[in-house]
Amino acid sequence: MRKLIEFKNIVKSFDGQVVLKGVNLNIMENEFVTLLGPSGCGKTTLLRILGGFLEQDEGTVIFDGQCIDRVPPYKREINTVFQRYALFPHMNVYENIAFGLRIKKLGNDIISQKVNRMLSLVNLEGYGKRNVTQLSGGQQQRVAIARALVNEPSVLLLDEPLGALDLKLRKEMQRELKRIQQEVGITFIFVTHDQEEALTMSDKIVVMNAGEIEQIGTPLEIYNEPANAYVARFIGESNIVDGEMLTGTKVLFDDHEFDCRDYRMRPGEIVDVLIRPEDFTIVKPKDGVLKGEVKSVLFKGVHYEMMVETRTGVSKTVKMHVVTQHDMNNAATGEKISANDFYVDSEDLENKEMTDQDFISIANAQAWDEEYRDISLTHVTHNIENRPGVYSITFGTDKKTEITVKVYVVHPEYVEDARHNIGISALDFFITPDEIRESMAISTDLKTWASAEAWNLQDDSPVSITDVKFDFDPAEITEGSYDITFATRGRVYKVETTARLEAGDRVGLSFGPDDIHIMRKAVQET
Amino acid sequence: MKSFFRMTYPYILWIAVFIVAPMIMILLYALTKDGGNRTLIFRFTFENFTRFFSDPTFMRVLFTSLRIAFLTTVFCILIGYPAALFIANLSERAQTMMVLLLTLPMWINMLLKTYAWRGILMNFDNLESEVKVFIGMVYDFLPYMIIQIHTSIAKMDRELLTAAYDLGANRWKTFLKVTLPLSVPGIISGITLVFLPAVSSFVIPKLLGGGDYVLIGNLIETFFVTTGDWNFGSAISLVMALIIIASMWLTRKIDRNAKED
């Protein structure tokens, strides 16, 4: 194959924002090349530079051996299928397709011959007289392709042309486009953010990210040997975990050593390890190289997609004291008032300025009159000090209806996992059976009542608590003390399987050396 | 549905009293003859029309009116189109600003503007009356044309121009084959907004043309106000109305044919 297009160090920025950071890329003759990346990665900009609609700030574009930087779009042997088709609304299908030929001043008979050939290539025979605004999205798409191809360009640029179509039509057009490309035998440069589209149609995929090329390769290469975690995540579902190379063919991850087939990495190098969800085999726990618990199962049609946790996260167990509240009656006014005892963390007392309102909400203090209308609590008095101990707090209304409850000030107790940099904390709490029965989302409420939180030890960023474990039935709750365990997510693998399993099942995961893909860590930008 | 119709009654009444009734009266006046002393004799006659069409002076006035309105419209397109194109290529903010500036003179009473022109044109004695009237009309009606054309260009999808370049058309060809055809609706409504008031204008010719320059509008005014011959005035109005309707029908037809080709 002959080199047709060469991008040399293309740099482009808009309003000071660099969109292309020196892109180098070769495109061969008769290739179906896909520029793949999320929106804003620069793929459309690169396409527009090739089309001549944008001028690069630096670098050169070589087309067929000649520099085309100064060639205006209408003199380039390149045609484009635009994202929103850009069909001329004042012309019918025939005239839209004939546009380029009329510009070239070809004879009417030749034009008619060529246009009709195009109409049949895109399966729109008999549509010539139709108004383009009356066509469906898929038909407009075909007209746009015919209008570009009729000029017999050496390269056809397609800027996310399938984006506006629905799923079924999209699949159909994918096949159509591939067929048309094979039939006319010219270079197609296709821009998309849809990885499946890229895998289906391309001879070569160029994965782009933030103005740079991450990897160039055939669909198979990109899928099986992604250059880094970014590419792996973009192409297909993946599990990517940190690992360390022990020798050239042994890698350590998830606390186990595994054989792998990679000879590029140095021993001791920290790497990203990729295992595709479909490469796992579900086996009995004792036969698995990794063992875990099924956390969730989603039915996906042909297979089930499940999350398997092989290592639990950080957890903290607290006591929930369920006590019936004793309302205080004020016989003189008919008012009633209630509040719970509560625990408070001495560090919170020190760091957060706890207001009366905060205490009211922690104690769930409330007052109401004979008709059950809420009354506001106007005074709060307490002797709480920032030292562990038992204190008391009194809540009261304007009419001197009062209740006093106990406040337990305790030292904070964290559970820390230094190895994975996660800390978790939660406090014991008092609650009434009514509040538990009335809870709409018990796990979320338990987190709130226990002030449960987890965070990253390095940067203090919050970490979500994914598991709340308890063994009571909220509808049947009685007085007593209960254990509640809060936990963060551990190591979870996404697994695709046809085996029917349920959340909570213990399973073993098995995979071979070929299923482990080792990738170099992406260089972090500073 | 019934209650909806009931809601339209006030409008129907309005149209009947203020539009249909006066039209019928004009038609009635045009087809009858004054009996003298403001009495109306119900004797149908085409005399008013034959008088108008047989008098070379009146025909000359009609011809002059159509000519100056036509010239005004053509000039408004010639000046207005490039201006509209220029504005449409500015940034969104600049466009809003330019449209505002263009409409600014419209806020001032037309009489006032015409008097101002009279003051300016007084210094150019050697100019013919028709040229002065022409200048006044173009000045007055140009913003309507620019705004109409600008609107139709501005709402056009810019990607169409890119597509035309892509398909081998240079800037000039792109303009001819894409921008111009797509702005025809704007030109048509511009023509409507310029030709109509221009052909029936009477303030501008009266103030800028001097006493000797008479257009059809002035003629109608004279017969209604000065001579008091409402019958003949009505007949001229009716002829004018028919000419305008015919010309509008013609432009729309041309527009439609252009689209079908």
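Here the structure is a predicted model, which is why all the values come from computation and not from measurement.

*Asks:* Would you take a moment to explain the overall build of chain A for this structure?
*Replies:* The helix and strand tally for chain A stands at twelve helices and 36 strands. In terms of C-alpha radius of gyration, chain A reaches 33 Å, well past the compact-globule figure of 24 Å for 526 residues. Along the first, second and third principal axes, the C-alpha set of chain A runs to 105 × 60 × 50 Å. Within chain A, buried positions represent 36% of all 526 residues. Taking all contacts inside chain A whose residues are at least 6 apart in sequence as the whole, residues at least 24 apart take part in 67%.

*Asks:* Honestly, the sheet that holds strand 33 (residues 480-488) of chain A in this entry has me stumped. Any pointers?
*Replies:* In a beta sheet, neighbouring strands are held together by backbone hydrogen bonds and run either parallel or antiparallel to one another. Residues and elements named next belong to chain A. Within the open sheet, the four strands sit side by side as 29-18-33-32. Their pairing is mixed. The open sheet has two free edges, formed respectively by strand 29 (429-431) and strand 32 (465-470), since each of these has just one partner strand. Neighbouring strand axes in the sheet, compared pairwise and without regard to direction, differ in orientation by 30° on average.

*Asks:* How should I be thinking about the interface of chain B and chain A in this particular structure?
*Replies:* A common way to report how large an interface is uses the accessible area buried once the components associate. Taken together, the contact pairs 16 residues of chain B with 17 residues of chain A. Listed by contribution, the elements that provide at least two residues to the side of chain B that touches chain A are helix 8 (159-166) and helix 9 (171-200) of chain B. Take the side of chain B that touches chain A: its biggest share by element is six residues, from helix 8 of chain B. A breakdown of the residues in the side of chain B that touches chain A according to their chemical character gives eight nonpolar, three polar and five charged.

*Asks:* I'm lost on the nonpolar core in this one. Help?
*Replies:* Counting residues in hydrophobic clusters, the biggest one holds 99 residues, and the most contacted among them are A146, L156, I189 and V206 of chain A. The element that contributes the greatest number of residues to this core is helix 4 (residues 137-149) of chain A, accounting for six residues. Leave out the neighbours within four places in its chain, and I189 of chain A touches I27, V33, L35, L47, V155, L157 and L158 of chain A. Within the second largest apolar cluster, 40 residues are counted, among which are M137, I191, L219 and F223 of chain B.

*Asks:* When you look at unusual backbone geometry in this model, what are you seeing that I'm missing?
*Replies:* Excluding glycine, a negative phi dihedral is what most residues carry, and trans is how most peptide bonds are arranged. Residues and elements named next belong to chain A. Notably, D64 is not glycine yet its phi reads approximately 55°, a positive angle. Note on placement: D64 falls in the loop between strand 4 (58-63) and strand 5 (66-67). Here the phi dihedral of A210 falls at roughly 45°; this positive angle occurs in a residue that is not glycine. Structurally, A210 is set in the loop between strand 9 (204-209) and strand 10 (212-217).

*Asks:* Got a minute to help me understand the packing of helix 4 of chain A against helix 5 (residues 167-184) of chain A in this structure?
*Replies:* Residue and element names in this part refer to chain A. Contact pair helix 4 / helix 5: the axes reach a minimum separation of 11 Å and the direction vectors enclose 15°. With respect to their mutual orientation, helix 4 and helix 5 come out roughly parallel. The handedness of the crossing between helix 4 and helix 5 is right-handed. The segment helix 4 lies against helix 5, with G138, Q141, I145 and L149 engaging L169, M173, I180 and V184. Split into classes, the residues belonging to the contact of helix 4 with helix 5 amount to six nonpolar, two polar and no charged.

*Asks:* I tried to follow the domain arrangement of chain B on my own but got confused; where do I start?
*Replies:* All names here are of chain B. Taken domain by domain, chain B comprises domain 1 (2-30) and domain 2 (55-260). On the side of domain 2, six residues touch domain 1, which itself brings four residues to the contact. A per-class count over the side of domain 1 that touches domain 2 returns four nonpolar, no polar and no charged.

*Asks:* When you look at helix 2 (residues 93-103) of chain A in this model, what are you seeing that I'm missing?
*Replies:* An α-helical segment advances 3.6 residues per turn. Residues three or four places apart therefore align on the same side. Of all the positions in helix 2 of chain A, only V93, N96, I97, A98, F99, G100 and L101 of chain A are classed as buried. Where helix 2 of chain A terminates, the next one or two residues include K105 of chain A, which has phi positive at roughly 60°.

*Asks:* Teacher, can you tell me more about helix 5 of chain A here?
*Replies:* Residue and element names in this part refer to chain A. Here helix 5 spans 26 Å end to end across 18 residues, near enough to the 26 Å set by a 1.5 Å rise per residue. Turning to helix 5, its buried residues number three or more, namely M173, L177, I180 and Q181. Along the long axis of helix 5, the arc covered by the buried residues comes to 95°, so they all point the same way. Exposed side chains of helix 5 directed beyond 90 degrees from the buried face belong to K168, R175, R179, Q182 and E183.

*Asks:* I keep staring at the sheet that holds strand 26 (residues 402-410) of chain A and nothing clicks. Help me out?
*Replies:* All names here are of chain A. Taking strand neighbours across the sheet as the criterion, the four strands line up as 21-26-25-24 in an open arrangement whose pairing is mixed. Two strands lie at the open edges of the sheet, namely strand 21 (342-345) and strand 24 (379-382), each paired on one side alone. In this sheet, adjacent strand axes meet at a mean angle of 30° when their direction is disregarded. One ladder, built from four bridges, connects strand 21 with strand 26; its direction is parallel. Within strand 26, the residue paired with V344 across the bridge is V409.

About the cut-offs
- Residues numbered from 1 in each chain as written.
- Chains lettered and ligands numbered in written order.
- Predicted model: local features only at pLDDT ≥ 70, side-chain atom pairs only at ≥ 80, totals over all residues.
- Helix = DSSP H or I, 4+ residues; strand = E, 2+ residues; numbered from the N terminus.
- Rg over C-alpha atoms; globule rule 2.2 N^0.38 Å.
- Buried ≥ 20, exposed ≤ 12 C-beta atoms within 10 Å, placed from the backbone.
- Contact = placed C-beta atoms within 7 Å.
- Pairing = 2+ DSSP bridges.
- Axes fitted to C-alpha atoms, helices over the stretch in contact; angles between N-to-C directions.
- Nonpolar A, V, L, I, M, F, W, Y, C, P; charged D, E, K, R; others polar.
- Core = buried A, V, L, I, M, F, W, Y, C linked by C-beta atoms within 7 Å.
- Parallel < 35°, antiparallel > 145°, perpendicular 65-115°, else oblique.
- Left-handed = near helix turned anticlockwise from the far one by under 90°.
- Domains from an automatic or database assignment.
- Expected span 1.5 Å × (residues − 1).
- Arc of directions from axis to C-beta.

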